[in-house]
Amino acid sequence: MVPLLLVLLLALLLFGAGFALKVLWWVAIIVLAVWLLGFVVRPGSGAGRGRWYRW
């Protein structure tokens, strides 16, 4: 009984980790896309260094 519970717990942990990693990959892709858009999208005149973000 205990080994079965340990296997089920391990499977649950691995599924949770896999789901979390998949979500983190999507977040990383979205952040990369926004960061790359920062180089393409330029504000109008009066901007400091030509970037739409301050850092």
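Up top is the structure.
All of these numbers come straight from a predicted model, not from anything done at the bench. (Residues numbered from 1 in each chain as written. Predicted model: local features only at pLDDT ≥ 70, side-chain atom pairs only at ≥ 80, totals over all residues. Heavy atoms only, no water.)

Enquirer: Whenever I open this one, the overall build of the protein confuses me. Can you help?
Expert: In terms of regular secondary structure, the protein is built from one helix and zero strands. Classification of the 55 residues of the protein by burial places 4% in the buried group. As presented, the protein carries roughly 5300 Å² of accessible surface, and 80% of it is formed by carbon and sulfur atoms. (Helix = DSSP H or I, 4+ residues; strand = E, 2+ residues; numbered from the N terminus. Buried < 20%, exposed > 50% of the residue type's maximum accessible area, 1.4 Å probe, protein only. Areas by Shrake-Rupley, 256 points an atom, 1.4 Å probe, with all protein chains shown as cover.)

Enquirer: How should a nonpolar patch on the surface be read in this particular structure?
Expert: Side chains of Leu 32, Trp 35, Leu 36, Leu 37, Phe 39, Val 40 and Val 41 sit close together on the surface and give an oily, nonpolar patch of about 640 Å² of accessible area. The topology assignment puts Leu 32 in helix H1 (residues 2–40). (Patch = residues over 30% accessible without salt bridge, like charges linked within 9 Å, V, L, I, M, F, W, Y side chains within 5 Å. Salt bridge = Lys/Arg side-chain N within 4 Å of Asp/Glu carboxyl O.)

Any functional reading would require information beyond the geometric quantities listed.
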